[in-house]
Amino acid sequence: MSRTVIHGGLVVTASDEIHADVLIEGGRIAALAAHGTDAATSWSADRRIDATGMYVLPGGVDAHTHMEMPFGGTYAADTFETGTRAAAWGGTTTIVDFAIQTMGRSLREGLDTWHAKADARCAVDYGFHMILSDVNESSLKEMDRLVAEGVTSFKLFMAYPGVFYSDDGRILRAMQRASGNGGLVMMHAENGIAIDVLVEQALAEGRTDPRYHGDVRKVALEAEATHRAVQLARVAGAPLYVVHVSADEAVDEIAAARHKGLPVFGETCPQYLFLSTDNLAEPGFEGAKYVCSTPLRPREHQEVLWRGLRNNELQVVSTDHCPFCFSGQKEMGRGDFSKIPNGMPGVEHRMDLLHQAVVDGHLSRRRWVEIACASPARMFGLYPKKGTIAPGADADVVIYDPGAEQTISAETHHMAVDYSAYEGRRVTGQVRTVLSRGVPVIEDRAYVGHAGHGTYLPRGTCQYL
Ligand SMILES: [Zn+2]
């Protein structure tokens with residue numbers, strides 16, 4: 001059994017900061033011991049990694065990605081191969097992607113399609129959520145079987161009428177089913193019926209630039225949908241996870257629900273914490289780079305999101321990584337913002353941007369690891385295999401240099417997309433080395449992994465209840 005020792009670093013988990021050496025045996029964490037103690041110095045090893053001056057972190061868990069996702073007549077630009085490689089470069093060793101049920105087809109068929117896309121291609125481990133596009137008697141029954149085999153979370157949409165949209169009755173039925181089978185309903189909470197009216201009016205009046213994407217997707221319509229989702233979940237007796245929360249008033253709805261003791265959780269994404277409607281309003285057609293839904297909000301919302309992350313009104317930061325190239329893909333929406341594919345690249349930079357938030361004083365180090373590694377693993381039934389550094393856990397480990405300076409750019413990133421949403425942004429902190437189940441994927445800033453190392457992760461049910 002191969003043995004690796006990581007010595008000299010500061011091990012940071014959601015609960016502790018320990019100056020300790022880490023022993024890895026056969027792909028799992030075997031032991032931790034304080035630097036220089038007899039226990040630590042007695043370990044023999046095939047490989048020793050010097051982490052002096054570095055943080056030793058659990059690998060990041062990005063619970064919201066869309067590799068090769070079909071949208072508006074095109075596909076998200078990262079495949080499972082390029083997307084998981086980019087994830088590894090940024091210290092993320094687990095992704096949970098979304099398999100999609102096509103209208104009129106079974107969940108199984110959608111899941112099989114996504115397995116075929118990912119199988120033997122991933123650089124790091126991966127699991128699946130299921131998008132429910134067609135809630136009916138048979139798909140409701142299928143939910144039970146999926147939960148039993150490790151697809152334990154189901155995303156529903158209150159937006160995108162005619163595509164993914166479910167009405168309140170269908171949502172209620174899916175939530176009732178989830179309350180019985182242990183599944184977790186994830187909600188895209190925006191009132192898509194009302195938004196489509198505003199889109200039509202904006203286009204008719206000649207307001208066609210990217211910034212109007214942000215205008216029509218009103219804060220009130222995110223807050224209203226969030227409120228409605230909470231009430232439906234309450235009636236169904238089901239837990240609820242609201243994805244990509246961007247508006248202050250939506251945070252308020254989640255906080256109010258939690259204050260009542262309801263099992264309601266919220267996720268936000270780096271784009272809502274670091275970018276704003278100023279980006280959507282960039283001159284020319286540049287704003288298209290920042291078109292995603294929920295949309296970027298005015299800058300004032302950011303402080304509410306940071307506060308929500310600090311006091312656990314929001315539990316998880318995922319990326320909603322859904323990259324479309326500016327050239328040829330985003331450009332489909334020139335002259336009509338509603339035709340711009342919705343989504344942004346980000347899987348590579350979540351850990352670094354959130355570390356910058358530690359440097360800037362928004363988060364503590366332990367909270368950084370909690371929202372980026374431990375809580376997503378717990379939320380989606382992967383803990384403590386993923387999300388922590390403790391005996392028995394998978395040896396998904398990031399050696400992180402907290403003092404390294406870097407400038408984010410499309411020139412140097414590894415995502416298969418022709419722009420960066422954070423072009424030119426300087427951040428402090430960088431991944432040095434990444435292990436996935438004890439095997440190096442990134443070694444001293446060189447990619448040494450391979451497609452097919454990553455394995456599929458059947459998941460347990462939510463451990464955050
Ligand atoms: Zn998404």
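Bear in mind the structure is a predicted one, so any value in this text is a computation, not a measurement.

### Notes on the coordination of the zinc ion
Phase 1: Binding of the zinc ion to the protein goes through His64 (NE2), His66 (NE2) and Asp320 (OD), at separations of 2.0 to 2.3 Å.
Phase 2: Here the donor residues of the zinc ion are spaced in sequence according to H-x1-H-x253-D. Here the residue His64 occupies a position in strand β7 (residues 60-65), and Asp320 occupies one in the loop between β16 (316-317) and α13 (350-359), the gap between them amounting to 256 residues. Of the two residues examined, His64 and Asp320, each falls in the buried class.

### Structural notes on the nonpolar core
Phase 1: Judged by nonpolar contacts, the single largest core of 133 residues is most densely connected at Leu57, Met175, Met187, Leu240, Tyr241, Leu354 and Met379.
Phase 2: Excluding residues that lie within four positions of it along the chain, Leu240 makes contacts with Met175, Leu184, Val185, Met187, Ala229, Val230, Ala233, Pro263, Val264 and Phe265.
Phase 3: Within the second largest apolar cluster, 16 residues are counted, among which are Ile49, Ile389, Val397 and Leu435.

### Some words on empty space enclosed by the protein
Phase 1: Taken as a whole and judged by the stated rule, the model has two cavities of 30 Å³ or more.
Phase 2: Lining the largest cavity are 17 residues, with His66, Tyr160, Ser293, Asp320 and Asn342 positioned closest to its centre.
Phase 3: Tallied by class, the residues present in the lining of the largest cavity amount to eight nonpolar, seven polar and two charged.
Phase 4: Lining the second largest cavity we find Ser246, Gln271, Tyr272, Leu275, Leu296, Arg297, Pro298, His301, Gln302 and Leu305.
Phase 5: Contributing elements (two or more residues each) for the lining of the second largest cavity: α10 (270-274) and α12 (301-310).

### Considerations on the packing of helix α3 (residues 107-118) against helix α4 (residues 137-149)
Phase 1: Running from N to C, α3 and α4 point in directions that differ by 45°, and their axes come no closer than 9 Å. The pairing of α3 with α4 is recorded here as oblique in orientation. Contacts between α3 and α4 pair Leu107, Arg108 and Leu111 from the former with Ser139, Glu142, Met143, Leu146 and Glu149 from the latter.
Phase 2: Counted by class, the contact of α3 with α4 contains four nonpolar, one polar and three charged residues.

How each quantity is defined
- Residues numbered from 1 in each chain as written.
- Predicted model: local features only at pLDDT ≥ 70, side-chain atom pairs only at ≥ 80, totals over all residues.
- Heavy atoms only, no water.
- Donors = N, O, S within 2.8 Å, 3.2 Å for Na, K, Ca; no water.
- Helix = DSSP H or I, 4+ residues; strand = E, 2+ residues; numbered from the N terminus.
- Buried < 20%, exposed > 50% of the residue type's maximum accessible area, 1.4 Å probe, protein only.
- Core = buried A, V, L, I, M, F, W, Y, C linked by side-chain atoms within 4.5 Å.
- Contact = heavy atoms within 4.5 Å.
- 1 Å grid on protein atoms, 1.4 Å probe; cavity = no way out; pocket = protein on both sides within 12 Å on 5 of 7 lines; lining within 4 Å.
- Points joined across faces, edges and corners; volume = space filled by probe spheres on them.
- Nonpolar A, V, L, I, M, F, W, Y, C, P; charged D, E, K, R; others polar.
- Axes fitted to C-alpha atoms, helices over the stretch in contact; angles between N-to-C directions.
- Parallel < 35°, antiparallel > 145°, perpendicular 65-115°, else oblique.

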